[in-house]
Each structure stands twice: as structure tokens, then as C-alpha cells.
Amino acid sequence: LLSPVLVPRPSLSLHPSQGVSLGDTVTLRCHLPQPAAWVRLHRYQNPTYIEQKDNVRDMAEFSLAEIKKEDAVIYQCQYQGLEPVGTSQKSDPVELVVTDHRYPPPGISLSPKEHVEMGSNITIQCWNKKYGAAFLLHKAGHSAPIQHQEPDDGGTATFTLFRVTPADSGTYRCSYRIGGCCLLFSPLGDNVTLEVIPRTAPPGGNGGASRDLVAVVVGRWVAAIVFIFILTVSVLLVAQRRQMQSDLRPGATSRSPEAVQFQVSPGDSEGLTYAQLQAVTPSTHPHGSSTTPEPPIIYAEVGTRGPR
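Asks: Where do I start with the nonpolar core in this structure?
Replies: Note that soluble globular proteins tend to have their nonpolar side chains buried in a common cluster. In this structure, V39, L96 and I124 are the most contacted members of the largest nonpolar core, which totals 47 residues. Among the elements that make up this core, the one with the highest residue count is strand β17 (residues 170-178) (four residues). The contacts of I124, once residues within four sequence positions are left out, are I108, S109, L110, L137, A157, T158, F159, L161 and Y172.

In C-alpha cells, the structure reads:
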């Protein structure tokens, strides 16, 4: 037996996709990834096809004129490819939602209020005691309902929006599915508008963050200054201790004022008498050094013998 050839699935779309009422005309388009020998339109989970188009290149259109409540169902399409030859799987299902304006729209309410702070929980209630089988919550700008809910015994459905943000701001409306038939819905009811206000910061909130940043920077500077001060004091104490140990070492040179000895030689007996003063200073060289510095010689007038 030959295994079946798998071909890509088609896709199905509705035109218009929303706002269809009883008596309108709807077009269903089956988009093909390759040429097909035939394309068929099916109701969901029904093996019998509604209509077939032959020799289709890339798209087949099926029109439903004067929509009746029985047409408000789910649809799929399928095709048989030419190259390679094989029958595709059915497309993803598409719902044809139809509005019946003979039914009254539902009521709606919003609590606690229409202007709330971010993070609040909001409750929207929709009701119709007589016809509502299931309620849908619609938001402006969204093509599909954002929530659906079964009603309680009183015919009221409760929708809750938890911890709302500014993205939840907008206009909301309700509709309900009419019990006992297909995808037939009531008209949209009145709207309520929700405005989510960003939560206001407490007084000084931003300033508190700035003060925290300044405190961190100042703290780091103070720590750096204290570290440098302690390091400097430590270095000075170590240097002083080493100097004291050096002064107490045996053989160290005394720092007392240097003594100067003068040797006087007798001068000439006549006239001026000069004295050769030899300054002798204690040696600063270590014992045993071979270097002998020459003492400086100073001449000074010391006296005369009087007039000739």
C-alpha cells in the first residue's frame, strides 16, 4: 500500500469578519498553498461538503447570501492538490457569528467606578433575564470578545478585571448568545468607559530616591577619605618607630652641638701677630675608616706689640 501524500493545509477567512446580521451576505475564502483539483467547503465536524470549486489556482470563494440563523455555524475548507497529488487536512475552523436584532441588547454596569487607580480590581456585570444563554464581553479595538461567562440564576454574568493597568482603559460592551440555536447573538448593548489612572507617587517619593543615591555617593567618599587618613597615620607611626630604633642603636652619632678646638701658633714678634686656627671637629665617619678629612685653617688677627 502506498502511504498518503501529505500536502499543506489551507486557511479560511470570513468577509466581513464581524458585524454580520441576519439577511446579510458573507464570503468565505479558502487560501491554497498550491494549485488544487478541487476545493470544498464544510460545516465543522460534518463529512458532507456544502459546495465544491474545481481547478483552483490559489484561492476559492464561497458566498452565503441572505444569511439565516442556520448559517451561523463553524466552517472549514479542504482541497486536493495537483502536484504532488494528495488530499489536505481541513483548515482551522472559523466561526460565523450572526446578530439577530429582534432580541433586546443586554444591560451593563461597572464598579466600583469608571475612574480608578492602577492595580485596582474592576467588576463589569451584564444581564438579560429572559434570553441570555452565555454572555460575551467586548472591548473597543478588539475584533473578538475578550471574555465569555455563563450567567447566574438571575441572568447576570460577572466579569472581573484584576489589577488593572492603563492598557485596560477603554470602552466595554456586552452581548449574549441566544439560547437554543447556533452562533446567533444579540446586538451589542450600551457601553461603559474605564479610565485607569497611574498610581501617584507619595510626596517626596522621587526625592527620596535621589537622596538615597546622594547618601550612597557621599558615604563612599567619606569611607575613602577615612581609609587614606588611617593609611597615612600608619605610615608615619612606622617611620617614627624605625627612627627611634635607629637612634638607640650602639655607636650612633650624637646630635649634640659640635665642639670646635682651636690651636694657636705664636706669630712674629714684631708687627701683627697671626694665629693659625685649626678647627677640629669630631669625625662623623665610622671607626676604622681610611678617609682622613683635612681640617680647615682659619687666620685671625690676635694682637700687636704697640707702635714702633
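Asks: Before we go on, may I ask you to explain the sheet that holds strand β3 (residues 26-31) in this structure?
Replies: Within a sheet, each strand pairs with its neighbour through backbone hydrogen bonds, oriented either parallel or antiparallel. Pairing in this open sheet of three strands is antiparallel, and the strands run β1-β3-β6 from one edge to the other. Here the strands that pair on one side only, and so sit at the sheet edges, are β1 (11-15) and β6 (59-64). Across this sheet, the average inter-strand angle for adjacent strands is 20°, counted without regard to direction.

Asks: Mind showing me how you'd approach the state of the cysteines here?
Replies: Any covalent bond linking the sulfur atoms of two cysteines counts as a disulfide. What the rule picks out here adds up to two disulfides. Between the sulfur atoms of C126 and its disulfide partner C174 the distance amounts to 1.6 Å. With C126 in strand β13 (residues 122-127) and C174 in strand β17, this residue pair connects regions lying 48 residues apart in the sequence. Of the two residues, C126 and C174, both sit in the buried class. With its disulfide-bonded cysteines labelled consecutively along the sequence, the protein is connected as 1-2, 3-4.

Asks: Explanation requested: the pattern of salt bridges in the structure shown.
Replies: Where charged atoms from two side chains of opposite charge approach closely, those side chains can pair. Overall, the coordinates contain six salt bridges when judged by the stated rule. Linking D71 and R43 is a salt bridge whose minimum nitrogen-to-oxygen distance equals 3.8 Å. One end of the pair, D71, is in the loop between β6 and β7 (74-81); the other, R43, is in strand β4 (residues 36-43), and 28 residues separate them in sequence. Ionic pairing is found between E51 and K53, a salt bridge with its closest N-O pair at 3.5 Å. What makes E51 partly exposed here is its relative accessible area of 28%. Through salt bridges with shared partners, a single ionic network connects R43, K68 and D71.

The rules behind the values
Residues numbered from 1 in each chain as written. Predicted model: local features only at pLDDT ≥ 70, side-chain atom pairs only at ≥ 80, totals over all residues. Heavy atoms only, no water. Core = buried A, V, L, I, M, F, W, Y, C linked by side-chain atoms within 4.5 Å. Buried < 20%, exposed > 50% of the residue type's maximum accessible area, 1.4 Å probe, protein only. Helix = DSSP H or I, 4+ residues; strand = E, 2+ residues; numbered from the N terminus. Contact = heavy atoms within 4.5 Å. Pairing = 2+ DSSP bridges. Axes fitted to C-alpha atoms, helices over the stretch in contact; angles between N-to-C directions. Disulfide = S-S within 2.5 Å. Salt bridge = Lys/Arg side-chain N within 4 Å of Asp/Glu carboxyl O.

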